[in-house]
Amino acid sequence: MAENNNSLIKRILTYVLLIALALVILAPFFIGIWTSFLPTMDIAKGDLFSTNLSFDNYVAAFTKTPILRYLANSFVISTLTMVAQLLFCSMSAYAFVFLKFKGRNFLFGLFLVTMMLPFEAQIIPNFQTVKFLGMLDNYSVLIVPFLTSAFGTFMLRQSFKQTPAELKEASDIEGLNHFQFYWNVVLPYNKISMITLGAYSFLGAWNQYLWPMLTTFSNNSRVIQNGLRQLQSEETFNDWGMIQASAAIIVIPTIIVLFIGQHYFKSGLNEGAVK
Amino acid sequence: MLKSPTTDQTISKKQTVSKSKSTFKLNANDKYFSLLFLGPSLFILGLFVFYPMIKTFYISMFLTNTLGKTSVFAGFSNYAKLLQSPDFLNSLVVTLAYVVGVTFFTLAISLLLANLASKKLPGISIFRTLYSVTMGVSVSVAAIFWLFIFNPSTGFFAIIANALKMTPINWLTDPKNAMWAVIITTVWMNLGFTFLILLGAIESVPQTLYEAASVEGASPRFQFFKITLPMISPTLFFVSTITIIGAFKSFGLIDLITKGGPTNATNMLVYRIYKDAFYSGNYAQASTEAIILTVIIAAFTLLQFKFLEKKVNY
């Protein structure tokens, strides 16, 4: 009996702890989303328990600011970056696993070295390069430098290496050329790793901050991360309600996607981590 | 885009032509195929990674004018100058403090969350989802949420302090507190990802180990420290290096929350590089700082590779 009681209390305490931690983690969301429904006047007065709830801030964010344009820019740039990385990383990974050529190990070593070099340390010459190429303030400046990634190549190489040798032998016997083997066998077989890399590269592009800040200056090419900063500095502290609404507009879709894809994402992440 | 694995069968129906000829073709053409498959990646990496890295190192060996043109060869004197500059040393110290703070709290809290969420209780999957939620938050959104919370007059913390008749803390104007503000925001952003990775690791610890320990009468605390921690230590090491590298490269949150201030209290390496190059036009100094950053990141990445080598055996 006593033992039963004990484990029941333990159980309740665990739930209390679980709920308390969830509340702390979610608090910034709750506060942000709650204030996004309040008039800025009330927020400025510190009246957070105001009952004047409305969608006015959302209407203002959509109609008075270029937030939709920023979102569209980010979406197009992230999608194109993702597609390009999936293609070029898988191609180079294929070369490292299935092709025999001189200097293969040396080149792979170069790719590994690339992973150790932070992009943040290369911004000065890169800025000069894109300026020279006339790419400033244009979608291309946010896509071209990220068409491929050493990390993506490395990750896919690890995965491609596990493609069963029998598949390769069978394909050789069938007389498949490298294009056919790559496209019809290797890519479908490594679907999970491809999707993991896709999610990773999309998020990576979506979260870029420093590079777009340096290279884009107009609303035509400004991405959402810098767009929010722009709104925030233009409206400095006088329209908190609308700023919170803008933040909510960005974060809510991602969270929904995350909720739906959580199970999937987790297995993908762990695969990436272990590999 | 991706075809189903059944294509194998359709292929075998189509392909019955002379096998020997095509296998021969396959090997002879490897050289051209490799050029085709590797070419695009090599070109991009060459132009946007290797060239700028070499160029940055080159510039760091010279004195430059405000247009970024190199003038006088300076050898390693830029490095010597930097390492004696109190301003730069302050940046290094501040960066280190930030990295240590972020890494410690990210790992400690994620570990607590992952350990709790690994318990087999009804409804636990809800908590797993909730704990991973900050993964969907980007820098600008995190900065806005927390800037509001830290705001000295209308912020959430200020309102609570006022309600409790306490003086609100100057989160962003006091140098020490500003550092905490940036650390708190970064840790919050990191939690989702780190939690998920650690949860995966804890879940893959064989249950039999815990069962055996329970039979022996080992306490949950003992089990955590003597079974869970050692078993997940490779993953722990992996996420540590990722967190450390990420913290060293931090820029967005600094720019959005403190702009390196107050009085350089959060003027970290990357922010400094950006300011020196694009505000002051001191390209030589910025490049020198960039090379120092590269050395630090490269060292930690090497450590991570060591882990990967050990972990992966084919």
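Within each chain, residue numbers correspond to sequence positions counted from 1 in written order. All chains are assigned letters beginning at A, and all ligands numbers beginning at 1, according to the order in which they are written. Confidence filtering applies because this is a predicted model: local features only for residues at pLDDT of at least 70, side-chain atom pairs given and counted only at 80 or more, and all residues used for totals across whole chains, interfaces and linings. Based on all heavy atoms of the structure, the side-chain values leave hydrogens and waters out of the count.

A. Representation of the overall build of chain B. The helix count covers DSSP runs of H or I at least four residues long, the strand count covers runs of E at least two residues long, and both are numbered beginning at the N terminus. Looking only at helices and strands, chain B has 14 helices and two strands in total. Across the 314 residues in chain B, those meeting the buried criterion constitute 53%. Here, residues are in contact when the closest pair of their heavy atoms is within 4.5 Å. Restricting to contacts in chain B with at least 6 residues of sequence separation, those with at least 24 account for 67%. Surface accessibility follows the Shrake-Rupley procedure with a 1.4 Å probe radius. Residue values consider only the protein chains on display as shielding. Carbon and sulfur atoms make up 67% of the accessible area of chain B, which totals about 15,000 Å². Relative accessibility thresholds used throughout: buried, under 20% of the residue-type maximum; exposed, over 50%; partly exposed, between the two (1.4 Å probe, protein chains only).

B. Spotlight on the confidence of the model for chain A. Averaged over all residues, the pLDDT of chain A equals 86, while 91% of them reach at least 70. When mean pLDDT is compared element by element in chain A, helix 7 (residues 139-143) of chain A scores highest at 95, while helix 14 (residues 240-274) of chain A scores lowest at 72. For every residue, the predictor states its confidence as a pLDDT score lying anywhere from 0 to 100.

C. Representation of the side chain of Thr215(A) within the structure. All names here are of chain A. Note that Thr215 resides in helix 12 (residues 210-215). Judged by its relative accessible area of 0%, Thr215 falls in the buried class. At 2.8 Å, the side chain of Thr215 forms a polar contact with the backbone oxygen of Trp211. Beyond its immediate sequence surroundings of up to four residues, Thr215 is in contact with Phe127, Val130, Leu136, Asp137, Val141 and Leu142. Definition of a polar contact: a pair of N or O atoms within 3.5 Å, with one able to donate and the other able to accept a hydrogen when the atoms are protein atoms, and with sequence-neighbouring residues admitted only if both atoms are side-chain atoms.

D. Molecular detail of the pattern of salt bridges. All names here are of chain B. Any Lys or Arg side-chain nitrogen found within 4 Å of a carboxyl oxygen on Asp or Glu counts as a salt bridge. Throughout the structure, instances matching the rule amount to seven salt bridges over all chains. Close ionic contact of Lys259 with Asp255 constitutes a salt bridge, the shortest N to O distance being 3.8 Å. Judged by relative accessible area, which is 45%, Lys259 ranks as partly exposed. The partner of Arg272 in a salt bridge is Asp276, with the nearest N and O atoms 3.9 Å apart. With Arg272 and Asp276 both in helix 13 (residues 269-278) and four residues apart, this pair spans about one turn of that helix. Judged by its relative accessible area of 5%, Arg272 is buried. Because the salt bridges share partners, they merge into one network encompassing Asp87, Arg272, Asp276 and Glu289.

E. How the structure looks around the environment of Arg272(B). Separated by 184 residues in sequence, Arg272(B) and Phe88(B) have C-alpha atoms that sit 8.6 Å apart. Not counting the four nearest positions on each side in its chain, Arg272(B) is found in contact with Asp87(B), Phe88(B), Ser91(B), Asn267(B), Gln285(B) and Glu289(B).

F. View of the interface of chain A and chain B. On the side of chain B, 101 residues touch chain A, which itself brings 104 residues to the contact. When chain A packs against chain B, close to 9,900 Å² is buried across both sides, 76% of that on carbon and sulfur atoms. The quantity reported as buried area is the accessible area (1.4 Å probe) lost by two parts once they are put together, taken as the sum for both. Summed over the three residues of chain A that lose the most area to chain B, namely Ile25(A), Met116(A) and Ile124(A), the buried surface amounts to 7% of that side. The tally of links between chain A and chain B comes to one salt bridge. Close ionic contact of Asp255(B) with Arg229(A) constitutes a salt bridge, the shortest N to O distance being 2.8 Å.

G. Region of interest: the packing of helix 4 (residues 67-98) of chain A against helix 10 (residues 178-189) of chain A. All names here are of chain A. Where helix 4 meets helix 10, the closest approach of the two axes is 11 Å, and the angle between their N-to-C directions is 110°. Considering the angle they form, helix 4 stands roughly perpendicular to helix 10. Of helix 10, the residues touching helix 4 (which contributes Leu87, Ser90, Met91, Tyr94 and Phe98) are His178, Phe181, Tyr182, Val186 and Leu187. Only the contacting stretch of a helix is used when fitting its axis, a line to C-alpha atoms as for every element, and angles between N-to-C directions run 0 to 180 degrees. Orientation labels follow simple angle bins: below 35 degrees gives roughly parallel, above 145 gives roughly antiparallel, 65 to 115 gives roughly perpendicular, and whatever is left gives oblique.

H. Layout of the pairing of strand 2 (residues 70-73) of chain B. All names here are of chain B. Two strands are said to pair when DSSP picks up at least two bridges between them. Inspection of the sheet shows strand 1 (residues 62-64) paired to strand 2 by two bridges, in the antiparallel sense. Along strand 2, the bridge assignment pairs Phe62 with Phe73. Count of turn residues in the strand 1/strand 2 antiparallel hairpin: five residues, of which Gly68 carries a positive phi of about 90°.

I. Layout of empty space enclosed by the protein. All names here are of chain A. Space inside and on the surface of the protein is sampled on a 1 Å grid over the protein atoms alone, with a cavity defined as a set of points where a 1.4 Å probe fits but cannot get out and a pocket as an open set with protein on both sides within 12 Å along at least 5 of 7 lines; lining residues have an atom within 4 Å of a point. Grid points are joined across faces, edges and corners, and a volume is the space filled by probe spheres set on the points. By the definition in use, this model includes four cavities of 30 Å³ or more. In this structure, the largest cavity spans a volume of roughly 80 Å³. Breaking the lining of the largest cavity down by element, the ones donating at least two residues are helix 4, helix 11 (191-206) and helix 12. Looking at the lining of the largest cavity element by element, the count peaks at three residues for helix 4. The class makeup of the residues in the lining of the largest cavity is eight nonpolar, three polar and no charged. Ten residue types, Ala, Val, Leu, Ile, Met, Phe, Trp, Tyr, Cys and Pro, are classed as nonpolar, four, Asp, Glu, Lys and Arg, as charged, and the remainder, Gly among them, as polar.

J. Broad picture of the packing of aromatic side chains. Pairing of aromatic rings covers Phe, Tyr and Trp, the last counted by its six-membered ring, and requires centre-to-centre distances within 6.5 Å; plane angles under 30 degrees mean stacked, over 60 mean edge-to-face, and any other angle means tilted. Across all of its chains, the model carries 45 aromatic pairs over all chains by this definition. For the pair Phe224(B) and Phe225(B), a centre-to-centre distance of 5.1 Å together with 80° between the ring planes defines the contact as edge-to-face. The structure contains a cluster of three or more aromatic residues connected by ring pairs, namely Tyr94(A), Phe98(A), Phe179(A), Phe181(A), Tyr182(A), Trp183(A), Phe33(B) and Phe37(B). A cation sits over an aromatic face here: Lys168(A) above Phe181(A), 4.6 Å from the ring centre. Should the NZ of a Lys or the CZ of an Arg lie within 6 Å of a ring centre and within 35 degrees of the ring normal, that charge is described as sitting over the ring.

K. Here's a closer look at the layout of surface pockets. For the second largest pocket, the calculated volume is near 1,200 Å³. Lining the second largest pocket are 30 residues, and of these Thr14(A), Asn115(B), Lys119(B), Pro220(B) and Gln223(B) lie nearest its centre. Ranked by residues supplied to the lining of the second largest pocket, first place goes to helix 1 (residues 2-35) of chain A with eight residues. Looking at the lining of the second largest pocket residue by residue, the class counts come to 12 nonpolar, 10 polar and eight charged.

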